[in-house]
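Here's the letter readout for the chains.
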Amino acid sequence: MKILFLCEGKLNVRNWSGTSWSLYKCLKKYFNVKVLEFSIPLFHRIINKVLRCSKMRKGDLLRRKGLIEWRKKLIEEALKEEKFDAIFSVGAIAAASIPKNINIPVYYYTDGTFAVMKNYYGNFSSWDEQSEQDAIYTEIWANKNVSLSGGKAFFSSEWAARSACEDYGLPEENVEVIRIGANSVIEYPYEKIAQIIESRASSIKKRVNLLFVGVDFHRKGGQDFLQLCKLLADQHISFHGDIAGCTPVIPEELKNFITVHGFLSKDDSVAKSKLEDLYTRAHFFVLPTHAECTAVVFCESSSFALPSLCYDTGGCSSVVLQEESGHLFPMSAEIDMAPWLQYIVSLQNDSARYKKLCESAYRTYKENLNWHVIGKRMADIIDSAHNH
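What you see as residue numbers is a count from 1 along each chain, following the sequence as written. Side-chain atom pairs in this predicted model are given and counted only at pLDDT of 80 or more, local residue features only at pLDDT of at least 70, and totals for whole chains, interfaces and linings cover all residues. Only hydrogens and water are removed before side-chain values are computed, so all heavy atoms of the structure are retained for them.

Colleague: Got a minute to help me understand the overall build of the chain in this structure?
Modeller: When you go through the chain residue by residue, the secondary structure sums to 14 helices and 12 strands. For 388 residues, the compact-globule estimate of 2.2 N^0.38 gives 21 Å, and the C-alpha radius of gyration of the chain, at 22 Å, lies within 12% of that figure. Seen along its three principal axes, the alpha-carbon backbone of the chain occupies a region of about 65 × 50 × 40 Å. Burial classes follow relative accessibility: with a 1.4 Å probe on protein chains only, a residue under 20% of its type's maximum area counts as buried, one over 50% as exposed, and anything between as partly exposed. Buried positions account for 55% of the 388 residues belonging to the chain. Any two residues whose heavy atoms approach within 4.5 Å are treated as being in contact. Long-range contacts, defined as pairs at least 24 residues apart, comprise 66% of the intrachain contacts of the chain with a sequence gap of at least 6. By element, 51% of the accessible surface of the chain is carried by carbon and sulfur atoms, the whole surface being about 17,400 Å². Note on charges: Lys and Arg go in the positive column, Asp and Glu in the negative column, and His and the chain ends are not counted at all. Where a charge lies is defined by one atom per residue type, namely NZ (Lys), CZ (Arg), CG (Asp) and CD (Glu). Charge centroids of the chain, computed over 47 positive and 46 negative side chains, lie 4 Å from each other. Numbering of helices and strands starts at the N terminus; helices are DSSP runs of H or I of at least 4 residues and strands are runs of E of at least 2. In this treatment the radius of gyration is a C-alpha quantity, and the globule benchmark scales as 2.2 Å times the residue count to the 0.38 power. Every accessible area reported is derived by Shrake-Rupley at a probe size of 1.4 Å, with residue values counting cover from the shown protein chains alone.

This is the structure:
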């Protein structure tokens, strides 16, 4: 079976935090896959820059109709050159650019829709009317291309899948929820994982190590993380916090308790080794993100048998399974980290329960949040449709 794989931008480990590359590797394992990358040409980059500088447009110009038509021509050329059995798109934008009335199924994978993002992610709420119309057009046509061709839209969470059905009329039979996987992982033998868990369980009583990883400190709940650290300090609970991915200003009273590591690139072997060490030494991965489709870092946390703590928002519950790979806390209008503190202390005082949570987090990764499992399930769905 031969698949045309559509990717916005260069297909590498940096594209969509490595998810595009992982999807490609998954499909390549089971099918003959040809990649079609969409790197925006200079002409369209100039148009986008003029529109932004003139403040005529505020939004994601990748959905601009001129670019949809440009992609469509490239896809038409690829389909004329070779015969394909299916098309797979990373995201809805390229899926919306597929020529109408093709006789092969269309598939795409995404973690959200414009409808759920509009009033959720801050930067989406300031889009101009035309950008919003372009986004709606993209969602509608991506889903039409899927349903009319008998394909599937893969969503990383029930939250996103529900929106596609309710907001854009995608039939349920064309929807599949397939969780996202960990992109940057060292596959330790279980003996090594068991040692890491044992070390954590035996040391948590002496000092609790918290890890925060995120580039956007504000959206990822950085202030909430700092408030949690302050509560721990005020209660005289021995702890240490590590922050990676960004360089926020740390309050003077917390500087002795928190180490800021800045951005640690997974492309750099030294930085990657440092990040792996932080995951290994931490007792909890704490990411009180206020807006999240599906954070890959939760999957990567589970791959280190590290429990995740986060708010029950967006698609987080698809990768942080309650009391299996971590704990979800309800969002509130005001920041209140007292329940987080109580939860951490309760596990600090019950090392056996904490150890079971670590073991469960790793089991969740092995059974649900790794690309070997995800790829097999996705391939089975595509293969079944092809042979039907």
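Colleague: Explain unusual backbone geometry to me, please; I cannot follow it from the model alone.
Modeller: Even without a glycine there, the phi angle at S17 is positive, about 55 degrees. If you trace the backbone, S17 turns up in the loop between β1 (2-8) and α1 (19-30). We note that H236 has phi near 60 degrees; this positive angle belongs to a residue other than glycine. By the secondary structure assignment, H236 is in the loop between α9 (222-234) and β8 (239-244). The class of H236 is exposed, set by a relative accessible area of 74%.

Colleague: Is there a simple way to explain the sheet that holds strand β10 (residues 284-286) in this structure?
Modeller: Paired through their backbone hydrogen bonds, the strands of a sheet run either parallel or antiparallel. When DSSP finds at least two bridges between two strands, those strands are taken to pair. Overall, parallel pairing links the six strands, which are arranged β9-β8-β7-β10-β11-β12 in an open sheet. The open sheet has two edge strands, β9 (258-262) and β12 (326-329), and neither has a second partner. Strand-to-strand twist of the sheet, defined as the mean angle between neighbouring strand axes without regard to direction, takes the value 20 degrees. Pairing analysis gives two bridges linking β10 to strand β11 (residues 308-311), with the strands arranged parallel. Bridge pairing links F285 to S308 in β11. Think of each axis as a best-fit line through the C-alpha atoms, taken over the contacting stretch in the case of a helix, with angles from 0 to 180 degrees between the N-to-C directions.

Colleague: Explain the pairing of strand β5 (residues 152-155) here, please?
Modeller: The side chains of a regular strand alternate, residue by residue, between the two faces of the sheet. Burial of the side chains of β5 extends over both faces: K152 and F154 are buried on one face and A153 and F155 on the other. Direction of pairing for strand β4 (residues 106-110) relative to β5: parallel, over a ladder of four bridges. Bridge pairing links Y109 to F154 in β5. Relative to strand β6 (residues 175-177), β5 runs parallel, the two being bridged by three bridges. Residue F155 lies in a different strand from β6, and its bridge partner there is V177.

Colleague: Would you mind going over the sheet that holds β4 with me for this structure?
Modeller: Strand order across the open sheet formed by six strands is β2-β1-β3-β4-β5-β6, with parallel pairing between neighbours. The open sheet is flanked by β2 (32-38) and β6, the only strands paired with a single partner. Neighbour-to-neighbour, the strand axes of the sheet open up by a mean angle of 20 degrees, direction not taken into account. Packing against the sheet, helix α3 (residues 65-81) makes contact with β1, β2 and β3 (86-90), and its axis sits at approximately 150 degrees to β2. Here helix α7 (residues 158-168) sits on the sheet in contact with β5 and β6, set at roughly 170 degrees to β6.

Colleague: Would you explain the packing of α1 against helix α14 (residues 371-387) in this entry?
Modeller: With their axes 9 Å apart at the nearest point, α1 and α14 run at an angle of 55 degrees to one another. The pairing of α1 with α14 is recorded here as oblique in orientation. The two elements α1 and α14 meet at a crossing, and its hand is right-handed. Across the interface between the two elements, T19, S22, L23, C26, L27, K29 and Y30 from α1 touch W371, H372, G375, K376, M378, A379 and I382 from α14. If an angle is under 35 degrees, it is roughly parallel; if it is over 145, roughly antiparallel; if it lies from 65 to 115, roughly perpendicular; otherwise it is oblique. Here a crossing is taken to be left-handed if its near helix is turned anticlockwise relative to the far helix by less than a right angle, and right-handed if that turn runs clockwise.

Colleague: Would you take a moment to explain α7 for this structure?
Modeller: Along an α-helix, residues three or four positions apart point the same way, because every turn accommodates 3.6 residues. Where α7 is concerned, the buried positions are W159, A160, A161, S163, A164 and Y168. Buried positions along α7 lie against α5 (114-118), α6 (129-149), β5 and β6. One or two residues past the end of α7 sits G169, with phi positive at roughly 70 degrees.

Colleague: Mind showing me how you'd approach the packing of aromatic side chains here?
Modeller: In this description, an aromatic ring pair is defined by two values, namely the gap between the centres and the angle between the planes. Between the rings of Phe, Tyr and Trp (Trp by its six-membered ring), a pair exists once the centres lie within 6.5 Å; its type follows the angle of the planes, with under 30 degrees stacked, over 60 edge-to-face, and the other angles tilted. Following the criterion strictly, the structure yields 26 aromatic pairs and no others. Judged by centre distance (5.1 Å) and plane angle (75 degrees), the ring pair of Y311 and W340 falls under edge-to-face. Taken as a pair, Y311 in strand β11 and W340 in helix α12 (residues 338-348) lie far apart in primary sequence, 29 residues in all. Three or more aromatic residues joined by ring pairs form one cluster here, namely F5, W21, Y24, F88, Y107 and F154. Residue placement shows K144 over the ring face of W141; its charged tip is 4.8 Å from the ring centre. We call a charge positioned above a ring when the Lys NZ or Arg CZ atom is no farther than 6 Å from the ring centre and deviates by at most 35 degrees from the ring normal.

Colleague: Is there a simple way to explain the pattern of salt bridges in this structure?
Modeller: Opposite charge on two side chains allows them to pair when their charged atoms are near. Take a side-chain nitrogen of Lys or Arg and a carboxyl oxygen of Asp or Glu: if they are within 4 Å of each other, that pair is a salt bridge. Counting across every chain of the model gives 17 salt bridges. With a shortest N-O distance of 3.8 Å, D216 and R219 are connected by a salt bridge. Between R219 and E292 there is a salt bridge, and its shortest N-O distance comes to 3.6 Å. Of the two residues, R219 is situated in the loop between β7 (208-213) and α9 and E292 in the loop between β10 and α11 (296-303); the sequence distance between them amounts to 73 residues. One network of salt bridges, in which partners are shared, links D216, R219, K220 and E292.

Colleague: Would you mind going over the nonpolar core with me for this structure?
Modeller: Note that soluble globular proteins tend to have their nonpolar side chains buried in a common cluster. The term nonpolar core refers to a set of buried residues drawn from Ala, Val, Leu, Ile, Met, Phe, Trp, Tyr and Cys, joined through side-chain atoms within 4.5 Å. F5, F88, F284 and M378 are the most contacted members of the largest nonpolar core, which has 89 residues in total. In this view, F284 contacts I204, V208, N209, L210, L211, L306, P307, L309, I344, L347 and Y354; residues no more than four positions away in its chain are not counted. Listed in part, the 41 residues of the second largest apolar core include L6, A78, A92 and Y108.

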